[in-house]
Structures are given as structure tokens and as C-alpha cells.
Amino acid sequence: MNFEAKKLILDKIKEYDKIIIFRHKRPDGDAVGSTKGMREILRLTFPEKDIRLINCDYSDYVSFLGDEDGAVEDSFYTDALALILDTATSDRISNQKYTLCREKIKFDHHINLEHYGDYEWVEEERSSVCEMVADFYRTFSDELKINKEAATYIYAGMVTDSGRFRFRSVSGETLRLAGMLLDMGVDLDTLHAHLYMKEFHTLKFQAYVYEKMQISENGVAYLHVTKEMQDAFSLSSEEASASVSYMESIKNSLIWIAFIDNDDGSIRVRLRSRFVTVNSIAEKYNGGGHACACGATVYTTDEMMALISDADVLLKDYKENNEGWL
Ligand code: AMP
């Protein structure tokens, strides 16, 4: 699929001596895994090139995968190629100095809302960008080099962004590519322990979420993780945000939403769904993302209630006009 787009990216990589890799803000496993995996593949294959991974924020969740590279002078950017992974819109790129780069490549699997690259390879139906990195490697495996470390980074993004290979975006290709990486020696015991073991206080918070979550008339489960709750359970904003996944297995509740108070007074919205697509709601409230996993920002409780009401209407309509959901 999209051989021409992939070939063009490889040709551009070959053309440049300096390459800077970028990802989105508030990185998840896919953003970190794909960029680290790509850096490793390119460093192994092109040892003569200067390849950096430079971003401006950090995530505890996947910090076990290791460090990125430090800041460089602006002059380093001006004759470099920007390789921007897993980022739908330019405002979400963590390091805004990408604009200084001579040419930019968008390499993504989100709904393609903005064509900010000079070149792009976007496949919206892919379960993760890591799946695309694995495919990129496989397409040019006679030229590109990979090792166990790179395979582990890429596999980490694949397993996290696909909800452990459960989401509908998972295809036969996803599993074939994951299989290729496993054959390179990924240590699943250690990787899964890093990704899925929880702290004691996090489990206590999870129990509290089950007490506090609410459900709308037509089955939208939701929770407001207030600043007070975050303080009471000593939660980092990442831990508070993870609460959305605690509501994912409620029968007949096809949409679930976590509202997380930010330090600046705004409220982060994390929307998830099965069967029904919800990205139109995220887009209405300053956000975007995937059909069944997206995010937005609201600024008042009234806006939060309006979003819940919109989701409730959407779900009512879906249930009335579709069968087979649960
Ligand atoms: P999250 O709930 O933050 O994990 O986001 C789910 C998906 O939606 C990710 O692919 C994000 O990149 C995307 N997303 C989250 N928030 C926004 C936003 N405010 N604008 C656009 N996309 C977003």
C-alpha cells in the first residue's frame, strides 16, 4: 500500500545529512515508540547521518523506553529534514522549531485534518504509526537495518495504541507486522510489566472511579476528575487521565468520557467509544483524533454538560438505528 509515498520518504531520508524526528505533545506509547524506533532504524542504517529526536515535553508512562536527544542550535534545523510522526495537526507538534527545517514530512495515522508536510504518508485506518514504521521497515528490509531495541520500541507503540490488539483498527497486517517484530526477540514479560503494572495508590483511585462514575440516560459513562480528586490521590495528570480506560467495559455504554481538570483551569476531555464513532463531538469542542478515540478541551462545567448531552443524543440515535451493539 502507498509504495510511492514510502519510497519518496526513503529517498528524502537518503538526500539529507541531518534529520530531526518530531512527535505530538503529551506523548503516548505510539508517539514515543514510533519516533525512537525510527531513530534507531535510521541510525543503524545510515551511521554517517546526524539523526536526532528533539521534543519539548515528556511522559512518565513510557519513560522506561529511554531518553530523547537534547536541544541544538537553530542552525542545525535549517538544513535538516523534519520527520514528524503521529501528529495530525501542526499545533500539536511538541517542538515547534520544526518550522525551521528545510523540508517536512508528515507520517501519520490520524484523520488527516491538516496537510502541514511538504510530503506526507497518512493511512487513517492503521492501528498505530508504529504499525506504519514496521511496514516501512518491511518494505525496504533489503536496505534498512533493525535490531531488538528498535523492534521493542515499535512493538510497544503497536500494543498500546491498539489496546493490546483489541481495537477495530487491528487487521491481519497489524498482527503479521507485530509477529515480525516478536521474531526479533522482543521481551514481552518485561515490556508488559513496564506497561501494565499499577501502583497501589492508582488501584485505590480506580476503585474510587467506579464509585464516582455516572451514566447518562442513553448510556454515556462519564467522570470528572477534579483537581481536588487529583490532590486527594496524589495523582499526576497522566494518572488522572488514565481513568478513561477504567470505564471501557460497561455493557450498553458505548461511549465513555473522562474530564480531567488541567492546572490552567481548562478541562481535558478524553472520549472513547465502541461501534459508534465520536470524533465529530471532539471536533465540535476544539479537538480531534480518531473515530473511536479522540480528545478535546472545554473551559466550563456548562460546556462539559453540553458535551455529555451531545454524546447522549448521538448514542440514542445510534442505538435506535443500528443493531448488534453491546
Ligand atoms: P487522548 O485521549 O489524548 O489519548 O487522545 C486520543 C486521540 O485523539 C489521540 O490520537 C490524540 O492525538 C487525539 N487528540 C487528543 N486531543 C486532541 C485535540 N485537542 N486535538 C486534536 N486531536 C486530539
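Given the structure is predicted, the values throughout are model-derived calculations rather than measurements. (Residues numbered from 1 in each chain as written. Predicted model: local features only at pLDDT ≥ 70, side-chain atom pairs only at ≥ 80, totals over all residues. Heavy atoms only, no water.)

Enquirer: Describe the sheet that holds strand S6 (residues 214-215), naming the residues involved and giving the relevant values.
Expert: Read across the open sheet, the six strands follow the order S6-S7-S8-S9-S11-S10; overall the sheet is mixed. Sheet topology places S6 and strand S10 (288-289) at the edges, where each strand pairs with a single neighbour. Inspection of the sheet shows strand S7 (residues 220-225) paired to strand S8 (residues 255-261) by six bridges, in the parallel sense. The residue bridging Leu223 from the neighbouring strand is Ala258, located in S8. Strands in contact with helix H12 (residues 301-321) are S7, S8, strand S9 (267-273) and strand S11 (293-298); relative to S8, the strand with the most contacts, it is inclined by about 170 degrees. (Pairing = 2+ DSSP bridges. Helix = DSSP H or I, 4+ residues; strand = E, 2+ residues; numbered from the N terminus. Contact = heavy atoms within 4.5 Å. Axes fitted to C-alpha atoms, helices over the stretch in contact; angles between N-to-C directions.)

Enquirer: Please provide a residue-by-residue account of the pairing of S8, values included.
Expert: A large share of S8 lies buried, amounting to seven of its seven residues. What you see with S8 is no split at all: Ile255, Ile257, Phe259 and Asp261 on one side and Trp256, Ala258 and Ile260 on the other are buried throughout. Note: S8 against S9, seven bridges, orientation antiparallel. Counted as the bridge partner of Ala258 is Arg270 from S9. Linkage of S8 to S9, two consecutive antiparallel strands, is achieved through a turn of five residues, within which Gly265 is found at a positive phi near 95 degrees. (Buried < 20%, exposed > 50% of the residue type's maximum accessible area, 1.4 Å probe, protein only.)

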